[in-house]
Each structure stands twice: as C-alpha cells, then as structure tokens.
Protein chains: 2
Amino acid sequence: MITAEAADMPDDGTSRTPDRLRRLPSRQLSQLTTRSDRLINEGLARVDARKWHYAVLASLQEYGPGSQAALSRRTGIYRSDMVGVLNELAERDLVERVPDPDDRRRNIITISARGRRRLPRLDKVLDDLHDELLAPLSPAERDQLTRLLGRLLDYHTRTAPPGTAPRRAGETGE
Amino acid sequence: MITAEAADMPDDGTSRTPDRLRRLPSRQLSQLTTRSDRLINEGLARVDARKWHYAVLASLQEYGPGSQAALSRRTGIYRSDMVGVLNELAERDLVERVPDPDDRRRNIITISARGRRRLPRLDKVLDDLHDELLAPLSPAERDQLTRLLGRLLDYHTRTAPPGTAPRRAGETGE
DNA sequence: CCGTTGCGTTAGTCACACTAACGATGTACG
DNA sequence: CGTACATCGTTAGTGTGACTAACGCAACGG
C-alpha cells in the first residue's frame, strides 16, 4: 500500500514529496536550513547586517580582541572570507583593525563602542527571527531541538574538523 | 564571569565558539547541514550517485512516471536544474525520457529496470550514511529529531512556498 | 642561518537555490 | 475561430556559502 497510482485518487504525482524523501534527515536538514538561512539573511539585511557580522561581533564581545586568524577559528569563518567580513564591519565602524606591534604579521581586531551597542540590537533581531523559525514548537521542544542539534554538531566537529576535504570520487559517465 | 581573558587561563580566543553562537538554532542548522551534505555527497559519490538522483528515482518509484515539471514539484528540484539531473540519470540508463504524444510540450520520464534495481542499493547507502550522521543519537532521539524537523518543515513550506523570493534590502555601504 | 609554520590577502572552484527569458505548445474564452 | 494566457523544457546567469591554492611576509626553532 505504498503507491497511489492505480487506485481511485488521480495522482499525477504533482501532489507531493515521496515518503522516502520526506523522512530523510539529511534532506530535512538541508531543506530547513535553506528556509532558515533565507529567513535570517532577509531579517539581518533589513538592518544592514549579515550573519557573519553577528558571529564576529559576538566573538569579540565574549573573548575580547583577537587576530583575524583567531577570529576565524572562533567563528568558523574561513580566513579567506574573514577579510571581507572585517572590511564590511570596519566600513560600518563596528570594529577596529590595527596592526599588532608584537607580531607584525597580525592585525588585532577590536570591537568598537558602536559595535558594542550594535550587538544587543542584533540579538533582538535574531531572537525575533528565531521565534518565526521555531514558531510551531513549544519552548520545551525548541530546547529539545537545540540539544539534539548540539550533540550532533559536537560529534561531527570532533570527528571531522574543517579542512577534512570533500573527496571527489569515481565518475563513470562524463 | 563570562569572559576568560584576564584570569589564569590563557585564552587568546583561539579556543572555541562563543556561547551566543553555539546555541543559535539557525547556526546549528547550517553548520550541521554543511557536515551532513558533505557526508551524504561523498557517500553517494562513491557509488556514482548524487542526492538528486535518489530524489528523482524515489519519486518515480513511488508515484510513477511523470513530466519533468511534475518531477520538479515532487522533488523540490527546480525545473531548470532538473534538465541536468535527468541527463545524468539518462546517461546511466536509470530513467527513460520520451516525448508525451498527448502533450507535445512534455517529456514523460520513466524509471528503467536498471533504475528500479538501483534504488534499494541507494536506500542502503543512505541508510548507512544516516547511521553515521545520527551516530550519537538513540533511535528514540533520532525519531524525535525527524519529527521536530518535519514539523518545522511543514510549517515553513506552507507559509513560504518556493518562489517566495529572497528580498534584497537596504545596503548602506558599498 | 634556514626551514617550517602562521598570518593576511587575492583569486578561483564547486554546489545549491533561484531568476529571467526563450520558443514551442496547449487551454480558455469571448 | 482567434487570441490571450499558462505551461513545458531548456539555456544562461546570479548570489551565497564553503572551501582550496598560492602569495609574500614575518616569527619561531633548531
């Protein structure tokens, strides 16, 4: 009783997603992430921010100033991409980038007063956005979800730290 | 007692992710999805498949043959991208693409014998990959997770069907 | 002194989601 | 019956995110 083609319900298949796909966690994750990312990006764009901005500002606030490389490690943003993010933040006077006198390779990034003021504002925006994201879930369920995700994330960040490159495997056709 | 900079634990910040970020569901989702996607893509690549292949084959198996547009709707793959996916599947003789005599705009896509044989193989591969993906969770927890994700997905697919374009909002700088 | 390692930066790759526009066809309606 | 509109398959292109490669420079370590 899986297919619904020969029966009396005329189903050209236009209807909806196959069962095999609907319950596939990897698929649920990527679909939901697509929605989530869109929601967050749009919301942050409305206040002229991006999620990387928040990540960097939060990191500076919690751990204090640091080099770009350190920031990269804290936030998970690649150091190649960090350059641009810091440019954007500096343009907006949310951080200051000054050369480290003790190690002339480094820049030291500091959160500015303006950046410090910005952070709670972004907290609020994100909070509201997550309210929309998690709308159908009760507080307890939201908690469950973040705990489950947290555990998975822990597991996978331990076993596969970034830099573990994606393999390109056997291509038969083409 | 939030920051750990002035105390006795020398924390250049290289350590780890700020708390604000770690518990952010949207962030957990995208990070986990990155890992998940990598895992799945690599796993499928090893058997010369991609997730879209699976999606299309599963859809054909469950709902029977259909036009490319119908397949798009079932799988969530955009019809612009469906072209390429079907090319790949046809190259591998997993589907057949024949013009619909009743509607000359349409192609009718049918799963081939080979495709039908392929599907359980992919089921197995995906099953194993999900075992790795969800490794730290008990069966009950895995179930919880998929139910929570399912509900969120339901909610957001109802309220924001694809085609709801991402807004590009006020850019002050640049 | 020299090799390695870390830093900031530039440039480029690949996949994904999505838009725009096209020509050919089908459908509805006045 | 004709014409406006919708749908189909297809091509091309956009923006973002994650990531690699390579660079020149500076620091560290033997």
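Above this text sits the structure in question.
Not measured: the values here are computed from a predicted model.

Counting its regular elements, chain A contains seven helices and two strands. In sequence order, the secondary structure elements of chain A are arranged as α-α-α-α-α-β-β-α-α. Out of the 174 residues belonging to chain A, those deemed buried represent 44%. Of the contacts made within chain A by residues no fewer than 6 positions apart, 50% connect residues no fewer than 24 positions apart.

Let us now look at the protein's contact with DNA strand C. Every one of the 27 residues lining DNA strand C counts as a neighbour, but Arg38, Gln68, Ala69 and Arg73 of chain A together with Arg104 of chain B are closest to it. Backbone atoms, meaning sugar plus phosphate, form 66% of the atoms of DNA strand C positioned within 4 Å of the protein. Separating a phosphate oxygen of DNA strand C from a side-chain N or O atom of Gln68 of chain A is a distance of 2.8 Å. The contact in question runs from a phosphate oxygen of DNA strand C to an N or O atom on the backbone of Ala69 of chain A, over 2.6 Å.

What follows deals with the environment of Ser26 of chain A. Residue placement: Ser26 of chain A occurs in helix α2 (residues 25–46). With a relative accessible area of 6%, Ser26 of chain A lands in the buried category. Contact partners of Ser26 of chain A, with chain neighbours within four places excluded, come to Ser36, Ile40, His130 and Leu133 of chain B. One polar contact links Ser26 of chain A to His130 of chain B, side chain to side chain, over a distance of 3.0 Å.

This next bit is on unusual backbone geometry. One non-glycine residue, Asp93 of chain A, lies in the positive phi region at around 60 degrees. One can find Asp93 of chain A in the loop between α5 (79–91) and β1 (95–99).

Next up on the list: the protein's contact with DNA strand D. The environment of DNA strand D is formed by 26 residues, the closest being Arg104 of chain A together with Arg38, Gln68, Ala69 and Arg105 of chain B. Within 4 Å of the protein, the atoms of DNA strand D are drawn from sugar and phosphate moieties in a proportion of 72%. One of the side-chain nitrogen or oxygen atoms of Arg73 of chain B is found 3.0 Å away from a phosphate oxygen of DNA strand D. With respect to DNA strand D, the side chain of Arg79 of chain B contributes an N or O atom lying 3.1 Å from a base oxygen. Counting only elements with at least two residues in the surface near DNA strand D, the list comes to α3 (51–63) and α5 of chain A together with α2 (25–46), α4 (68–75) and α5 (79–91) of chain B. Taken together, the residues that form the surface near DNA strand D break down as five nonpolar, eight polar and 13 charged.

Along its 13 residues, α5 of chain A runs 18 Å from first to last C-alpha, staying within 8% of the 18 Å computed at 1.5 Å per residue. Lining the buried residues of α5 of chain A we find α3, α4 (68–75), β1 and β2 (107–111) of chain A.

Now for α2 of chain B. All names here are of chain B. Along its 22 residues, α2 runs 31 Å from first to last C-alpha, staying within 8% of the 32 Å computed at 1.5 Å per residue. Within α2, 16 of the 22 residues are buried, which leaves the element mostly enclosed by the surrounding structure. One or two residues past the end of α2 sits Asp48, with phi positive at roughly 55 degrees.

We now examine the side chain of Ser59 of chain A. Tracing the sequence through the fold places Ser59 of chain A in helix α3. Residue class for Ser59 of chain A comes out buried when judged on its relative accessible area of 0%. The contact partners of Ser59 of chain A, leaving out residues within four places of it in the chain, are Gly64, Leu71, Arg74 and Thr75 of chain A together with Pro18 of chain B.

The rules behind the values
Residues numbered from 1 in each chain as written. Chains lettered and ligands numbered in written order. Predicted model: local features only at pLDDT ≥ 70, side-chain atom pairs only at ≥ 80, totals over all residues. Heavy atoms only, no water. Helix = DSSP H or I, 4+ residues; strand = E, 2+ residues; numbered from the N terminus. Buried < 20%, exposed > 50% of the residue type's maximum accessible area, 1.4 Å probe, protein only. Contact = heavy atoms within 4.5 Å. Near = heavy atom within 4 Å. Polar contact = N/O pair within 3.5 Å; in protein donor to acceptor, adjacent residues only side chain to side chain. Nonpolar A, V, L, I, M, F, W, Y, C, P; charged D, E, K, R; others polar. Expected span 1.5 Å × (residues − 1).

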